[in-house]
Amino acid sequence: MKHEENGIRFGSIHVPDELVVRTSWLLPATIVPLSMVIHLLSGNSRDFPFFISEADYPGVERWVFTIGLAIAGLLQMIFAYRVWYKYKIQKPTKLLVLFLMCGLCVGANLFIMSFANMYDHLKLHVLTASIVFQLGIVWAILSHFALPGKNKPGKKIRIYAILISVISYIVMSQAIARAVAGLDDYGLEDDTIFTLDRIQYAVDVAAYAEYALFVALIMCLYSIEKDLLAESMSLEE
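Residues numbered from 1 in each chain as written. Predicted model: local features only at pLDDT ≥ 70, side-chain atom pairs only at ≥ 80, totals over all residues. Heavy atoms only, no water.

A.B. asks: Break down the side chain of His144 for me, with residues and values.
C.D. replies: If you trace the backbone, His144 turns up in helix α4 (residues 122-146). Overall, His144 belongs to the buried group, its relative accessible area being 16%. With sequence-adjacent residues up to four places away left out, His144 is seen in contact with Lys155, Arg158, Ile159 and Ile162. (Helix = DSSP H or I, 4+ residues; strand = E, 2+ residues; numbered from the N terminus. Buried < 20%, exposed > 50% of the residue type's maximum accessible area, 1.4 Å probe, protein only. Contact = heavy atoms within 4.5 Å.)

Spelled out as structure tokens, the structure:
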């Protein structure tokens, strides 16, 4: 892999930055709903709504979920590096470096999480998923202040996405924290499905909040693509 001024090169294949950014949000935006639909239609779902990670269930949905998000994690690390590389030439700042570090960490944890399913590796899954969500929000906030572009539509999308992600994360975490308090006797680590069944009343709230959080983070990545496209157009004029 070789880095160029506008994209990366794999042998004789040139991949422009715009495509890297678009794929980094379009792939998870496609893979997650697809794996959830397969999980639901195959009859493997416990109930509905269910958490996104419940779609990482043994079967076709696991192949879609794991392979798709593993690739998405790698792409997001490349995306973070390419955005940093592109903007540091214009205005190198500490915020831009923090943007890069957050992006690399989010992408790496997404990659690990794709293999650490919640049924067999609950502790690792919860840890990596929490990092993806929490640092993902920080990453979105940093992108808003670190990127020097003046693309108003992109920044407007990002503001809405950040607000939605923060509210959704608070609702999701509070709903689950209150539900699992005092559930040690049910064996949270020993039987994930049984425990989730016991707190489905909380999942009914938390799952929709998680969906909103996921969409908001995808919106943030999409907004950065808008910034890059606006930046490219301004350079051509």
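Still to come is the rest of the account.
A.B. asks: Account for the pattern of salt bridges, naming residues and giving values.
C.D. replies: Under the definition given, this model contains four salt bridges. Ionic pairing is found between Glu225 and Arg22, a salt bridge with its closest N-O pair at 2.5 Å. Of this pair, Glu225 sits in helix α7 (residues 200-236) while Arg22 is found in helix α1 (residues 17-41), placing the two residues 203 residues apart along the sequence. Among the ionic pairs, Arg62 bridges to Asp56, the shortest N-O distance being 3.2 Å. Beyond isolated ion pairs, a larger network of salt bridges with shared partners links Arg46, Glu54 and Asp197. (Salt bridge = Lys/Arg side-chain N within 4 Å of Asp/Glu carboxyl O.)

A.B. asks: Describe unusual backbone geometry, with residues and values.
C.D. replies: For the bond running from Phe48 to Pro49, omega is 5°, close enough to zero to count as cis. On the secondary structure map, Pro49 appears in the loop between α1 and α2 (60-88).

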